[in-house]
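Survey of secondary and tertiary structure
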Amino acid sequence: MLLKDKVAIITGAASPRGLGFATAKVFAGQGAKVVLIDLDDGASKKAAAMLGEQHLGVAANVADERQVSAAMEQVLAKYGRVDILVNNAGITQPIKLMEIKRENYDAVLDVSLRGTLLMSQSVIPTMRAQKSGSIICISSVSAQRGGGIFGGPHYSAAKAGVLGLAKAMARELGPDNVRVNCITPGLIQTDITAGKLSDDMKAGIVAGIPLNRLGEASDIANAALFLGSDLSAYSTGITLDVNGGMLIH
Ligand code: NAD
């Protein structure tokens, strides 16, 4: 068991086919107590219950400072520590540059970038006091290649911002043995595309992937297990590409 008795918080974890829930399942299977945070209280609690009674489902909007600190209070009251945070909550919008309005920018940047900052700030005092912790930020291959897959330019910008934020956090938190790393998934089959990705679009994307398939949520969950566990004890500030070879650099 790689995560025996570790406490892991995963944001955006209630979507049944999503990367967050897949990661929660893998972490729970490795002995972690998992806190599943998502927007809807019922969905968060239902997802946690599917993993077993030692896990916790909490409602919070990661972009809302008050909701984030209320969620952290619940976590610390129940478990008293936090070993892993996976900043996974994110939304995307398939729109072009000139269609981006203030509300599109705010919505997409708020969840991925502000959410990553606020959630990280909420766990850092505890991790620093413990002198250990692993923060994993889910960015995207869109940040590295400038989109062109599904999300618009504001999504690429938000996810590129996450890479910069994570690297700067890694530098600042390293002396306290708190590691911060990113995963950049390629196209993974979840519900984030909300039925807007046609079979033709998928086939076009697969044609550019050396491993010749789209990703599965478990591909990301297993990468998160590596970064969350001591298997990666000497890695901080890294970007782990999990994209089937879609971007090789
Ligand atoms: P998903 O839509 O299946 O799940 C995202 C979850 O985040 C949902 O349960 C949603 O309710 C939750 N969420 C949204 N806004 C929130 C908020 N403000 N506070 C709390 N929770 C919120 O998506 P997914 O495909 O599993 O994506 C997970 C992460 O991976 C996202 O950050 C996404 O940008 C990133 N990503 C996904 C892919 C892909 O191809 N699926 C590729 C690269 C990166």
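Overview of the structure. All values reported here derive from a predicted model rather than from experimental measurement. (Residues numbered from 1 in each chain as written. Predicted model: local features only at pLDDT ≥ 70, side-chain atom pairs only at ≥ 80, totals over all residues. Heavy atoms only, no water.)

**Focus: the site of the ligand**
In the vicinity of the ligand, 26 residues are found, and the nearest of them are D38, N88, Y155, I188 and T190. T190 is positioned with one of its side-chain polar atoms (N or O) 2.5 Å from an oxygen atom of the ligand. Coverage of the ligand by the protein chains reaches 90% of its 830 Å² of free accessible surface. Class assignment of the residues belonging to the shell around the ligand gives a composition of 13 nonpolar, 10 polar and three charged. (Near = heavy atom within 4 Å. Polar contact = N/O pair within 3.5 Å; in protein donor to acceptor, adjacent residues only side chain to side chain. Areas by Shrake-Rupley, 256 points an atom, 1.4 Å probe, with all protein chains shown as cover. Nonpolar A, V, L, I, M, F, W, Y, C, P; charged D, E, K, R; others polar.)

**Quick word on the packing of helix α3 (residues 65-79) against helix α4 (residues 102-130)**
Working note: a packed helix pair is described by the angle between its axes plus the distance between those axes. The contact between α3 and α4 brings their axes to 9 Å, and the two run at 35°. Where α3 crosses over α4, the handedness of that crossing is right-handed. Between α3 and α4, the residues in contact are E65, V68, M72 and L76 and L118, M119, S122, V123 and T126, respectively. Its residues assigned to classes, the contact of α3 with α4 comprises six nonpolar, two polar and one charged. (Axes fitted to C-alpha atoms, helices over the stretch in contact; angles between N-to-C directions. Helix = DSSP H or I, 4+ residues; strand = E, 2+ residues; numbered from the N terminus. Left-handed = near helix turned anticlockwise from the far one by under 90°. Contact = heavy atoms within 4.5 Å.)

**Some words on the pairing of strand β6 (residues 178-185)**
Within β6, eight of the eight residues are buried, which leaves the element mostly enclosed by the surrounding structure. Neither face of β6 is open: one carries V178, V180, C182 and T184, the other R179, N181, I183 and P185, and all of them are buried. Sheet topology places strand β5 (residues 133-138) next to β6; six bridges connect them, and they run parallel. Bridged to I138 within β6 is I183. Direction of pairing for β6 relative to strand β7 (residues 239-242): parallel, over a ladder of four bridges. Paired with I183 across the bridge in β7 is L240. (Buried < 20%, exposed > 50% of the residue type's maximum accessible area, 1.4 Å probe, protein only. Pairing = 2+ DSSP bridges.)

**Examining the sheet that holds β6**
Overall, parallel pairing links the seven strands, which are arranged β3-β2-β1-β4-β5-β6-β7 in an open sheet. The outermost strands of the open sheet, each flanked by one partner alone, are β3 (56-59) and β7. Sheet twist, expressed as the average angle between the axes of neighbouring strands with direction ignored, equals 20°. Where strand β2 (residues 33-38) lies against β3, four bridges are found, and the strand directions are parallel. In the sheet register, V35 faces β3, and the bridge partner there is L56. On top of the sheet, helix α6 (residues 153-173) reaches β5, β6 and β7; it is set at about 160° to β6, its chief contact.

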